[in-house]
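Structural overview for review
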Amino acid sequence: MPPVIEIAGLRKGYRRLRGGVHRALDGFDMVVEPGQVHGFLGPNGSGKTTTLRALLGLVRADAGEMRILGQPSPSALPQVIGRVGAIVESPQFFGNISGRRMLTLLATAGGVPTARVEEVLAQVGLRDRGKDIVKTYSLGMKQRLAVASALLKAPELLILDEPANGLDPAGIREMRDLVRLLASQGVTVLVSSHILAEIQLICDSVTIISRGRRVLAGPVSGVLASFDSGDFRIRVDDLPRAADVLRADGVQVTTGPDHLVAHRVAAPARLTELLGGKGLWISELAPLTPDLESVFLQLTATAPQPGAAKQVDDAVLPAGPPPAPNEFAPEVPR
Amino acid sequence: MIRNLLRAELMRLFGRRFVQIMTVLLLGACVIAVLSTVASSHTPTDAELRQAAGDAAAQFTDMQRYYETCVAAQGPQGECPRPDPAQYRMENYLTGVFVFANEITGLFYFVAVFLALFGFLVGASFIGAEMTSGGLTNLLLWQPQRPVVLGAKLLTAVVSVGALAVLVIAGYLGAFWGVASVSGLAGDLSGPFWPDLFAVVARAIAFVLGFTVLGFSIAVIGRHTAAALGTVAAYAVLWEVGLRIVLDTVDAVRPDRWMFSTYLVAFLDGSIEFYDGWSNCGMYADCASTYTVTWVHGALAGGVVVLVAAASAFVLTQRRDMA
Ligand SMILES: Nc1ncnc2c1ncn2[C@@H]1O[C@H](COP(=O)(O)OP(=O)(O)OP(=O)(O)O)[C@@H](O)[C@H]1O
Ligand SMILES: [Mg+2]
């Protein structure tokens, strides 16, 4: 099966007020395979929302190719949009109608049976508040309504831009369950989020973007494995002696206040053998696997540093393709 | 898909609080106009009718006599105003009696202008509110063809305002006809009265629809309801007032032909005549010192403005980023 989303060399510049162009997307690439739950990560202002807007035909890209469900976008968007549900950055609803009516209007416009409205309202937990005026919803309720509107079409591809924004812990868990349920039904999900623990839990693969370029892409497990340095945390009674024993065997060790960390350990069983042989009994031996958060911070170089306030565009600028010829004068798309 | 879109837009239009309030205001204004006429009109008594008929006949006789004296003095080539018997009808000499034929056109202009204002505001707010709230962006995730989305909205606004205008006008004219038959007089309905009235009504409906499209288009161009109001206010102050003062100071030739308001009045009223301060009449030359702007000029000027605004709105929508 062809990828559900293919983006290659996407560029989008925004004119600055005082001349010049801000390159929001600078030769960005992304591939999302069918059936995946794909995480879309990047620091603030790195171009996630711009990518999704361009993909969905809301903004015109200056250059690049995009395909969605196998069709070129935006030219063939009308043919496939019925199979794509999307929320793009806290969608706004005009506020003076009830949530139920709002969804009914969208369903009517899109030719979706209105019975579906009740289903999606229940699915996002708004069944009993559907009659309330949208303006009176809390942030999380509006977000739930947005997700409901994306689900109305029973889409094959679901695009969620920061769906967890404003959700309470229960809401986040429900969102996780919902995404997993949809994935099990064969829906492809592209989800952007800043809650990396969440992404690590629900996503099969990720793309990380920084300053408009792709930094990394691949299956979550593979990404984590490639950043796995083989570190192990060891707790024993006599830390200094244990450290000496290990160092004597050529293991690289750093000492913590109440534990040791052994680096680049190929065979953990060897640690037990070494220490046990000297009568040092290990009370804990735990692999220190990297999490997505540390990978993200390392890759985008956005980890906070003491005494320095990191600015939004301080993220790393990955090596990219050479600038397009129209770099400084993006053509007005027609 | 298009039909669904139109249905949704129709639900949306009449679901809008603003539209509902405006409709109530519109109907309220009509009712007030009718009621105030009812309050100031009564069925003339036989005595009043006799009195009025007598006054009319006496006045006509006077004028006829004056005319005859004039002709006798100046000969048939002289400039003697010949009295028109149609002007000396009995109902023109009644006070406190509503005469349909005499008053309906003036009363109708009131509702036509009100409907145009209604169309302008409804057209502007219908799209403007959704551009500012992001509702339009949301809709584009369902129907990415922007001209279709915009067209469905415009069509909904125009058809709805048009239908409402027809209903309101019919009700308004009917109500005054009722007032005339219950406590007033119909007056002289002969000759071109009905054709003239229908022509005015037809032009008024076009007038209202034109303003609806204009309000809608300016709001799209400015991405905001307020853009439409602002443009009208700016035009009125800068052009109609400011430029008029400038043209007056430099003694420009026929300044009124540069004013859009001239064409609006001409279109609605049929024609408008201006004193032409610069037509240079020789001592004996027989020259017209006025010029006339007709409803055809009005239709051309208004049509061009509306078409340019609508075309710009569609072209801009197609080209720009929706965020
Ligand atoms: N309409 C616009 N006009 C000018 N610049 C814009 C516009 N929209 C986005 N940008 C710029 O493009 C860059 C990318 O913005 P984008 O919204 O895609 O970031 P993001 O990755 O979604 O960030 P976040 O995590 O904060 O949502 C930012 O630097 C932003 O300032
Ligand atoms: Mg964003």
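**Side note on the overall build of chain B**
- Counting secondary structure elements, chain B contains 10 helices and 4 strands.
- Shown N-terminal to C-terminal, the secondary structure of chain B runs as helices and strands in the order α-α-α-β-α-α-α-β-α-α-α-β-β-α.
- Relative to its length of 323 residues, chain B is extended, with a C-alpha radius of gyration of 25 Å against a globular reference of 20 Å.
- Residues classed as buried in chain B amount to 41% of the 323 residues present.
- Contacts spanning at least 24 positions in sequence make up 77% of the contacts within chain B whose residues lie at least 6 apart.
- A total of about 16400 Å² of accessible surface is found on chain B, and carbon and sulfur atoms cover 67% of it.

**Observations concerning the environment of Ala170(B)**
All names here are of chain B.
- On the secondary structure map, alanine 170 appears in helix α6 (residues 146-183).
- Here alanine 170 falls in the partly exposed class, since its relative accessible area comes to 48%.
- Sequence-wise, alanine 170 and valine 201 are 31 residues apart; in three dimensions their C-alpha atoms are separated by 9.7 Å.

**Notes on the domain arrangement of chain A**
- Taken domain by domain, chain A comprises domain 1 (5-224) and domain 2 (232-287).
- Taking only C-alpha atoms into account, the centre of domain 1 of chain A sits 46 Å from that of domain 2 of chain A.

**Points about the side chain of Ser125(B)**
- Secondary-structure assignment places Ser125(B) in helix α4 (residues 100-133).
- The exposure class of Ser125(B) is buried, given its relative accessible area of 5%.

**Things to note about the coordination of the magnesium ion (ligand 2)**
All names here are of chain A.
- For the magnesium ion (ligand 2), every protein donor is listed as Thr49 (OG1) and Glu89 (OE), and the spread of their distances is 1.9 to 2.2 Å. Residue threonine 49 is found in helix α1 (residues 48-55), and its partner glutamate 89 is found in the loop between β6 (84-87) and α3 (99-110); the two are separated by 40 residues along the sequence.
- On the basis of relative accessible area, threonine 49 is assigned to the buried category, the value being 10%.
- In this structure glutamate 89 comes out as partly exposed when scored by relative accessible area, which is 38%.

**Points about the sheet that holds strand β13 (residues 260-263) of chain A**
All names here are of chain A.
- Taken together, 4 strands build an open sheet; the order of strands is β12-β13-β11-β14 and the sheet is antiparallel. The open sheet terminates on both sides in strands that have one partner only, identified here as β12 (252-255) and β14 (284-287). Across this sheet, the average inter-strand angle for adjacent strands is 25°, counted without regard to direction.
- Sheet topology places β12 next to β13; 4 bridges connect them, and they run antiparallel. Bridge pairing links threonine 255 to leucine 260 in β13.
- Strands β11 (232-235), β13 and β14 of the sheet are contacted by helix α10 (residues 268-277), whose axis makes an angle of about 25° with β11.

Quick notes on the rules
Numbering of residues begins from 1 in every chain and follows the order in which that chain's sequence is written. Chains and ligands are labelled sequentially in the order written, the chains with letters from A and the ligands with numbers from 1. In keeping with the model being predicted, local features are shown solely for residues with a pLDDT of at least 70 and side-chain atom pairs are shown and tallied solely at 80 or more, while totals for entire chains, interfaces and linings include all residues. For side-chain calculations, the full set of non-hydrogen atoms in the structure is used, while hydrogens and water are omitted. Helix and strand definitions follow DSSP, with helices as H or I runs of at least four residues and strands as E runs of at least two, each counted in order from the N terminus. Atoms considered for the radius of gyration are the C-alpha atoms alone. The globule rule reads 2.2 Å times the number of residues to the power 0.38. With a 1.4 Å probe rolled over the protein chains alone, any residue whose accessible area is under 20% of its type maximum counts as buried; one over 50% counts as exposed, and the rest are partly exposed. Two residues form a contact once any of their heavy atoms are found within 4.5 Å. Per-residue and other accessible areas follow the Shrake-Rupley method at a 1.4 Å probe size, with only the shown protein chains counted as cover for residues. Note: domain ranges come from an automatic or database domain assignment. Metal coordination here is assigned from N, O and S atoms located within 2.8 Å of the ion, or within 3.2 Å for Na, K and Ca; omission of water means that sites may look incomplete. Criterion used throughout: strands pair if DSSP finds at least two bridges between them. Lines fitted to C-alpha atoms define the axes, with helix axes restricted to the stretch in contact, and inter-axis angles between N-to-C directions lie between 0 and 180 degrees.

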